[in-house]
Amino acid sequence: MRITLPEPEAFSTLITQHTGQEPTYPITGIATDSRECDTGDLYVALKGEKTDGHQFIPQALENGVVASLVEHEILVSNGMDFFVVKDVLETMGSLACAWRRQFDIPVIGITGSNGKTTTKELLKHIFADKEHVHATTGNYNTSIGLPLTLLQLAYEHTVSIIEMGANQPGDIEYLCDVAEPTHGLITNIAPAHLEGFGSIEEVARTKGALFNILEDGIAFVNMADEQIRGLNIRGDSITYGLIPNCDFPADIHHEEDGTITVTIDAEEIVTGSQNLSFVKNVIAASAIAIHLGIDWNTFREKVKSFQAPQGRCEVKHLNDITIIDDTYNANLTSTLAAIDYLKAFSGNGRRVLVFGDMFELGDGSAAHHRQIGEHCIAMELDAVFSTGNETTTTDRALNDSVYHQHFDSKQDLLTSLKKWIQAGDKLLVKGSRGMTMETIIEGLANN
């Protein structure tokens, strides 16, 4: 990971205050990977489970770094500042928190099992014309990435949208301590990353830390989510959801072409999308946007012009084949929703799931993969092509009503799929990030 600092002089003052040492050279960027370092960077020597960043300091120096944040110095041939601290990761969090406290602006924290990136990007798009928006980019939403995100706050920014990811208990509490959000949204709570959490109740407790920290802030509460409804809310709240009794009540209507129109607080929003998961993101975004001063006409226009982030139910057309690229990640809830989206697509043609393993599900993995197979039958899909170790359970759950094949490798799957597909087919490609299922789409494009 690497960032360019928007206010390098102010950062030099900050690091001097925190370490008692003034930089010899201007620090213009920060990198946590020695291979990504650039001239003028501060290299952050993090210790991981398998590697110690300190051993890559010489490589970072070759790439032009002028300083390193370390837990101990090493011998190098050229001059370099060493800022020696007790804990590098903890210091990065402290630096980021101190930097964030210079900004008296709305800081919107977004977490959830599904939809947080799309909701963040939608809000960014909605606010773009009225505000100078700062927002998380890429996967900079972890204990390493979030401090880098905050350090990209510039004095021109008027609103910040911070995505918060969690893989284990305590993650969201730590990220909230660093980011100090003024507003918080939990999109939903579903059985994701169960290998790290153990149970959905622990997922709820971990995500709920966002609402718990907002004693003086505002929690945006999805009343349609049973787990979220039960969370403790310490400050003010604004409620929304596909139920009547809330501040932003919503109702959906399916148009003849399969797209969804949603009515939110008596305002009609034409989404142009057939994706119910996206529509739920629209409802969540409406509560935040309208509360922070966006008018309904602007909101309508921005929803209509929004383009989904890459790999998140992104619709592509290839040689008369419709491909739903939902390859960014997968868990039970997001995969079931994506299958529903595939089923809802208008027009003729076979509906096909191309499915890779869902990771980090712990003891629930077999049951979750089996549910996917059962849902494919219920949704009357025409075919399922699967690959991976866990999806063997999905394949076994399918019956003769659904054509299905399982493959030991993605290449074998791709070879067979190329021979099988025909014009008019609609393919949903889905799997966890580690499966890199986008290579299947790339392979089809290269046909």
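Residues numbered from 1 in each chain as written. Predicted model: local features only at pLDDT ≥ 70, side-chain atom pairs only at ≥ 80, totals over all residues. Heavy atoms only, no water.

**Some words on the sheet that holds strand β4 (residues 67-70)**
Note the following rule: When DSSP finds two or more bridges between two strands, those strands count as paired. Here a helix means four or more residues in a row that DSSP labels H or I, a strand means two or more in a row labelled E, and each is numbered from the N terminus. The axes used here are C-alpha line fits, helices contributing only the stretch in contact, and every angle between their N-to-C directions lies in the interval 0 to 180 degrees. Throughout, a residue-residue contact means that at least one pair of heavy atoms, one from each residue, lies within 4.5 Å.
The strand order β1-β2-β3-β4-β5 describes an open sheet built from 5 strands, whose pairing is mixed. For this open sheet the edge positions go to β1 (2-4) and β5 (81-84), each flanked by a neighbour on one side alone. Geometrically, the sheet is characterised by an average inter-axis angle of 15 degrees between neighbouring strands, direction not taken into account. Of the strand pairs in this sheet, β1 and strand β2 (residues 29-31) are connected by 3 bridges, and their pairing is antiparallel. When the bridges of β2 are listed, T4 appears paired with G29. The sheet contacts of helix α3 (residues 88-100) involve β2, β3 (41-44) and β4, and relative to β4 the element is tilted by about 110 degrees.

**Section: the side chain of S273**
In plain terms, the rule: Side-chain atoms alone can form a polar contact between residues adjacent in sequence; in general such a contact is a pair of N or O atoms within 3.5 Å, and within protein one must be able to donate a hydrogen while the other accepts it.
With respect to the element layout, S273 can be found in strand β14 (residues 267-273). Within the structure, the side chain of S273 is placed 2.9 Å from the backbone nitrogen of N275, a separation counted as a polar contact. If we ignore the near neighbours within four places in the chain, the residues touching S273 are G258, T259, I260 and F278.

**Examining the pairing of strand β11 (residues 236-241)**
Pairing of strand β10 (residues 218-222) with β11 involves 5 bridges; the strand directions are parallel. Within β11, the residue paired with N222 across the bridge is Y240. Here β11 runs beside strand β12 (residues 248-254); their pairing, made up of 2 bridges, is parallel. Across the sheet, residue Y240 finds its bridge partner in β12, namely F248.

**So, unusual backbone geometry**
Basically, it comes down to this: Partly exposed describes any residue whose relative accessible area lies between the buried limit of under 20% and the exposed limit of over 50%, with all areas from a 1.4 Å probe on protein chains only and scaled to the type maximum.
Even without glycine at this site, E360 takes up a positive phi of about 60 degrees. By the element assignment, E360 lies in the loop between β17 (351-356) and α14 (365-378). Residue classification places E360 among the partly exposed residues on the basis of a relative accessible area of 34%. Even without a glycine there, the phi angle at T436 is positive, about 40 degrees. Within the element layout of this structure, T436 appears in the loop between β20 (426-430) and α17 (438-445).

**Side note on the state of the cysteines**
We apply this condition: The disulfide criterion is simple: two cysteine sulfur atoms within 2.5 Å.
Tallied over the full model, the rule gives 0 disulfides. Not engaged in a disulfide, the cysteine C313 finds its nearest cysteine sulfur in C376; these two sulfurs lie 14 Å apart. Judged by its relative accessible area of 12%, C313 is buried.

**Some remarks on the sheet that holds strand β19 (residues 403-407)**
Taken in spatial order, the 6 strands of this open sheet run β15-β16-β20-β17-β18-β19, and their pairing is mixed. Strands at the two margins of the open sheet, each flanked by one partner only, are β15 (314-318) and β19. Direction aside, the axes of adjacent strands within the sheet are offset by 15 degrees on average. Pairing of strand β16 (residues 321-326) with β20 involves 5 bridges; the strand directions are parallel. Across the sheet, residue I324 finds its bridge partner in β20, namely L428. Sheet strands touched by helix α16 (residues 410-420): β17, β18 (383-387), β19 and β20. Its angle to β18, the strand with the most contacts, is close to 160 degrees.

**A closer look at the nonpolar core**
Basically, it comes down to this: Within this scheme, the nonpolar core is defined by two criteria: the residues are buried Ala, Val, Leu, Ile, Met, Phe, Trp, Tyr or Cys, and they are joined through side-chain atoms within 4.5 Å.
One finds F11, I30, L42, L151, M164 and F211 to be the most contacted residues of the largest nonpolar core, which totals 51 residues. Other than its neighbours up to four places away in sequence, L151 contacts I3, L5, P6, F11, I30, M92, L95, A96 and W99. Counting 35 residues, the second largest nonpolar core, distinct from the first, contains I238, A250, A285 and F306.

**Observations concerning the packing of aromatic side chains**
For clarity, the cut-off: Aromatic contacts are taken between Phe, Tyr and Trp rings whose centres are within 6.5 Å, Trp giving its six-membered ring; a plane angle under 30 degrees counts as stacked, one over 60 as edge-to-face, and the others as tilted. Ring-over charges, as used throughout, are those where CZ of Arg or NZ of Lys falls within 6 Å of the ring centre and within 35 degrees of the ring normal.
Taken as a whole, this structure holds 11 aromatic pairs when the rule is applied. On the numbers, 5.6 Å between centres and 25 degrees between planes, the contact of F103 with Y155 is stacked. Linking F103 in the loop between α3 and β6 (107-111) with Y155 in the loop between α5 (145-150) and β8 (159-163), this pair joins segments that are 52 residues apart in sequence. By relative accessible area, which is 46% here, Y155 ends up partly exposed. Ring geometry for F385 and F407: centres 6.1 Å apart, planes at 0 degrees, overall stacked. One end of the pair, F385, is in strand β18; the other, F407, is in strand β19, with 22 residues separating them in the sequence. Taken together, the ring pairs connect F385, Y403, F407 and W420 into an aromatic cluster. Looking at R350, its charged tip hangs above the ring of W420, at a distance of 3.7 Å from the centre.

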